[in-house]
Structures are given as C-alpha cells and as structure tokens.
Amino acid sequence: MPDLPQFPPGFRFGVSTAAYQIEGAVAEDGRGASIWDTFAHAPGRIRGGDTGDVACEHYHRWESDLDLIARLGAGAYRFSVAWPRIQPTGSGPVNAAGLDFYDRLVDGLAARGIDPLVTLFHWDLPQALQDEGGWNNRDTAMRFAEYAELVGERLGDRVKLWITLNEPYIHFALGHVQGVHAPGLNMLTDQLPVVHHLLLAHGLAVSALRRTSSAPVTLANNYSPVWPASASDEDQMAAAVYDMVQNHLFTDPILFGAYPPGYEFLTTADVDSIIMEGDLEVISQPIQALGVNYYNPSLIAAPPPGDLLPFARLPIEGYPQTAFDWPVVPDGLRQLLTGLKERYGDKLPPIWITESGCSWPDIDDQFRIDYIAGDLRAVRDAMDAGVEVHGYCTWSLLDNFEWAEGYHQRFGLVHVDFDTQERTPRRSFEWYGQVCAAAAPSPDGHPDPTG
Ligand code: FCB
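Every value quoted in this text rests on a predicted model; they were computed, and no experiment measured them. (Residues numbered from 1 in each chain as written. Predicted model: local features only at pLDDT ≥ 70, side-chain atom pairs only at ≥ 80, totals over all residues. Heavy atoms only, no water.)

Enquirer: Is there a simple way to think about the site of the ligand in this case?
Expert: Residues in contact with the ligand, as listed here, are Gln21, His122, Trp123, Asn166, Glu167, Tyr295, Glu355, Trp395, Glu402, Trp403 and Phe411. In the model, an oxygen atom of the ligand is placed 2.7 Å from a nitrogen or oxygen of the Gln21 side chain. In the model, an oxygen atom of the ligand is placed 2.5 Å from a nitrogen or oxygen of the Glu167 side chain. Its free accessible area being 300 Å², the ligand has 96% of it covered by the protein chains. Along the lines of polarity and charge, the residues of the shell around the ligand split into five nonpolar, three polar and three charged. (Near = heavy atom within 4 Å. Polar contact = N/O pair within 3.5 Å; in protein donor to acceptor, adjacent residues only side chain to side chain. Areas by Shrake-Rupley, 256 points an atom, 1.4 Å probe, with all protein chains shown as cover. Nonpolar A, V, L, I, M, F, W, Y, C, P; charged D, E, K, R; others polar.)

This is how it looks when you write it as structure tokens:
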C-alpha cells in the first residue's frame with residue numbers, strides 16, 4: 001500500500017461513472033431523449049456548447065473500458081443505468097436493446113471479477129416525464145418504481161449494491177432552483193413537491209428492488225460539512241438552514257422517517273397536500289448502506305438584504321484549489337462522516353463513499369494522488385472514530401462530460417482525448433492501482449460489498 005493507513009479486510013476500492021457523462025450514442029438502439037439532451041442542446045446552457053452526444057463513446061467502447069478497470073485492479077465499478085434507454089418515454093414496456101446493453105456490461109464485470117454497483121438515476125430523467133411536470137409530478141415517483149422493478153428483475157441476481165438516486169439535493173438545487181443543471185428551472189417557492197417526490201421515488205424503488213434482488217440498497221447523497229462564516233446570530237442561522245437543506249433534507253426522512261425541523265419553508269401550500277398518508281413509511285424503509293459523495297465544505301453567511309435565498313455561499317480561502325476552483329479540505333470528509341454518526345447514531349447504516357475526486361488535467365497528476373490519499377486518510381480517521389465504512393469509489397474512471405462545465409473539467413484517473421477517444425492512464429491510475437492491489441480480501445472471501 002502506498003503511504004496510507006491500512007484498511008480492514010473486506011474494504012473495497014472502486015471507481016465511479018454515470019451514463020450521460022460517458023456513454024454517448026444518445027440516439028442509438030431506441031434510447032429516448034433525457035432532460036440532459038434537451039438542456040445541453042439549449043443555447044448557452046453548457047460551457048463551450050458541449051453536449052453528451054458523443055461523450056466517451058463508452059456505449060461502444062465498454063469492453064475496453066472494462067479492461068481498463070480490470071487493469072486498475074478495482075474491486076467495484078459504480079455506473080448508472082440511463083432510464084431513457086430502458087423506457088424511452090419513462091413508462092411502458094422495456095426497450096430490449098437498452099436493457100441488453102447493461103446486461104452485457106454486468107456480465108462483463110463479473111467475467112473480470114469486478115462488482116457492479118448500479119445507480120438507477122443519475123439525473124437523466126426521460127424528457128417525456130419532464131413534459132408531464134417531472135419531479136414536480138407525484139406520478140414520476142410511480143414511474144420510477146416501475147423502472148426500478150424492470151432493472152431489478154433483469155440485473156438483480158448479479159448487482160452487488162443498488163443506488164436508487166444520485167445526489168437528489170444537487171439535482172434539486174442546481175436543476176430546479178438555480179437552473180444551472182437540467183431541467184433548468186428556477187423555482188424559488190413551492191419546492192417541496194420536487195423534494196418529496198424524489199424521496200418517494202427512492203422509497204418505492206427500495207420496495208421494487210427488495211422484491212427483485214437480494215443486494216443491499218442505498219442512495220448517494222452529496223454531503224458537505226457546513227462552516228458558519230462568523231459567530232453572528234445571522235450567519236449561524238443561515239448556516240443552520242443550509243445544513244438542513246443540503247445535509248438533512250434527503251436523509252432525515254429516510255433514516256428518521258420525518259422531515260427535519262424547518263423544512264416547511266419549502267412550500268406555501270399545506271404540507272399535507274404534498275406528503276400523503278403512508279409516504280414517510282415508504283420513504284423510511286430500511287436501507288442497507290448509505291452512499292456518501294464528498295467534494296468540499298460549505299462556508300455559509302446570512303444572505304445580502306433582499307436576496308431570495310435564506311443563505312449565501314462564500315468562497316473558502318486558504319486551501320489548495322482543484323482546477324474547478326474547489327477547495328481541497330480532506331478533513332471535511334472526516335467531519336461529515338463523524339457528523340453523520342453523531343446525528344443518526346444506530347440508525348446510520350454502513351457507509352460507502354460513492355464519490356470523491358478532483359478536476360486536474362495533467363497526466364502527471366501528483367495533485368490527484370494527494371487528493372485521493374487525503375480523502376482516504378480522512379475516511380480511515382472517521383473509521384477510527386467509530387464510523388463504519390465499507391468501501392470507497394473515486395470519481396472518476398474517465399474524463400467525461402462534467403455537466404454545465406462540458407468537457408472543461410477532467411476528473412479521470414484516465415485522460416480522454418475527445419477528438420480521437422484515445423484513453424491515457426494518468427499517474428494516479430498507477431498509484432490507485434497499488435491502493436487496490438493492497439486491499440485485503442475479507443476473511444471469509446465474502447464478495448458482498450457491504451458484507
Ligand atoms: C457530482 C456528480 C458527478 C460528478 C461530480 C464531479 O456532483 O454526482 O456526476 O459530476 O460531481
């Protein structure tokens with residue numbers, strides 16, 4: 001193991017990706033349009049006018065990409081299924097060619113001894129469902145459950161960990177409030193239906209997956225330790241509100257069966273017209289793991305007078321910065337993991353770090369090596385403090401379509417030349433390969449990633 005603390009036997013190391021960011025082939029084999037196709041093609045939405053039309057051409061290059069993961073020696077691969085490949089309009093019968101693609105992918109992983117960790121929703125909602133109101137429409141949660149069942153039936157015997165939703169908070173905040181991600185909405189009031197229907201979709205998908213698969217189920221939340229900008233009451237209050245929306249809104253209902261105090265400001269309507277009887281029971285069914293995506297802390301101050309949001313995010317100074325200008329604060333990961341343990345206690349299931357990584361373009365990327373090493377040390381520290389963590393997936397295997405930033409941020413262990421599709425492993429690939437190689441198998445050789 002490179003200069004890193006020892007992880008316990010059975011701890012897994014993997015890599016993460018998401019469908020729209022790598023697959024390309026957006027009009028092939030019956031795939032329908034997603035909200036990201038629409039958004040990326042709308043003028044001025046994505047830096048440089050980039051789209052995911054081609055991306056990493058992973059849809060055609062999946063076998064050699066799996067060979068790369070095998071060469072890396074990773075024990076797990078987290079990828080997402082594109083809902084519009086399975087149901088082009090978000091409901092109705094399966095598009096066989098779409099489901100076949102993921103079936104081959106899962107078999108290809110098994111053949112290489114890599115555990116498939118599958119995300120069902122990494123933001124690419126079928127456009128046809130958005131046309132009916134998207135997550136604002138309760139029916140979308142029902143459609144998601146049907147989709148989950150279809151995928152569970154087909155892949156459920158081989159998948160090792162299910163992730164229902166990726167970062168519902170980011171999808172909500174950036175996609176529905178700030179409008180910088182698809183579907184590009186600026187909802188400044190009455191946001192609770194979107195939040196609630198995402199959570200309901202998660203809960204209904206847990207039931208669907210329980211019916212079709214014995215693998216553990218989780219969701220992947222983006223958590224950020226919140227630092228108040230000062231000791232003033234105003235800043236403390238703003239920080240508490242921010243902490244509630246980013247860190248508790250999509251976790252308390254799942255682990256406590258109740259929304260966090262103060263959530264009512266998200267609607268002007270009667271909450272009982274949105275949260276129906278029995279919903280919180282569906283949402284709070286047991287999950288067997290908690291997915292944590294971590295990038296950086298949040299420094300929060302009171303908003304300037306007249307601002308529509310109840311908090312303001314300030315830049316964090318005094319730390320190294322990634323190429324995306326994100327501060328590098330590995331201890332924030334320890335803070336958030338121990339914070340989760342403090343808040344949820346015995347209700348906290350074992351954690352999987354489902355994303356951690358940085359944008360850094362160089363092939364000789366000591367910066368990324370230091371970044372990942374820092375986060376791994378923070379994970380180990382949190383484990384020493386009593387937090388149970390079962391695995392770590394770095395974001396990302398390949399440079400890819402980084403949402404509103406297009407191809408301008410490079411998060412890959414592997415560099416991708418987007419003109420030729422040539423893959424060039426960075427130095428971090430070699431280094432992370434050593435980390436993977438040093439992972440000790442579980443004593444009983446049990447392959448279950450949460451076992
Ligand atoms: C996360 C997303 C992931 C990737 C990283 C950099 O918020 O889940 O798709 O874009 O950020």
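Enquirer: In this structure, what is going on with the packing of aromatic side chains? I would like to understand it.
Expert: Ring pairs (aromatic) are described by centroid distance and by the angle formed between their planes. Taken as a whole, this structure holds 37 aromatic pairs when the rule is applied. A centroid spacing of 4.5 Å and a plane angle of 40° characterise the contact between Phe7 and Phe11, whose relative ring orientation is tilted. For the pair Phe7 and Phe11, one class covers both residues: buried. Residues Phe13 and Tyr432 carry aromatic rings whose centres are separated by 6.4 Å and whose planes lie at 85° to one another, so their mutual orientation is edge-to-face. With Phe13 in strand β1 (residues 12–16) and Tyr432 in helix α15 (residues 427–438), this pair connects stretches of sequence that are 419 residues apart. (Phe/Tyr/Trp six-rings, centres within 6.5 Å; stacked < 30°, edge-to-face > 60°. Buried < 20%, exposed > 50% of the residue type's maximum accessible area, 1.4 Å probe, protein only. Helix = DSSP H or I, 4+ residues; strand = E, 2+ residues; numbered from the N terminus.)

Enquirer: How should I be thinking about the sheet that holds strand β11 (residues 389–395) in this particular structure?
Expert: By definition, the strands of a sheet pair up through backbone hydrogen bonds, in either a parallel or an antiparallel sense. Read around the closed barrel, the eight strands follow the order β1-β2-β3-β4-β5-β7-β10-β11; overall the barrel is parallel. Direction aside, neighbouring strands of the sheet carry axes that sit 25° apart on average. Sheet topology note: the strand β7 (residues 290–294)/strand β10 (residues 351–355) ladder contains four bridges and is parallel. Directly across from Gly291, in β10, lies its bridge partner Trp352. The strands that helix α14 (residues 366–384) touches are β1, β7, β10 and β11; relative to β11, the one it contacts most, it runs at about 165°. In the packing of α15 onto the sheet, the strands contacted are β1 and β11, and the crossing angle to β1 comes to about 145°. (Pairing = 2+ DSSP bridges. Axes fitted to C-alpha atoms, helices over the stretch in contact; angles between N-to-C directions. Contact = heavy atoms within 4.5 Å.)

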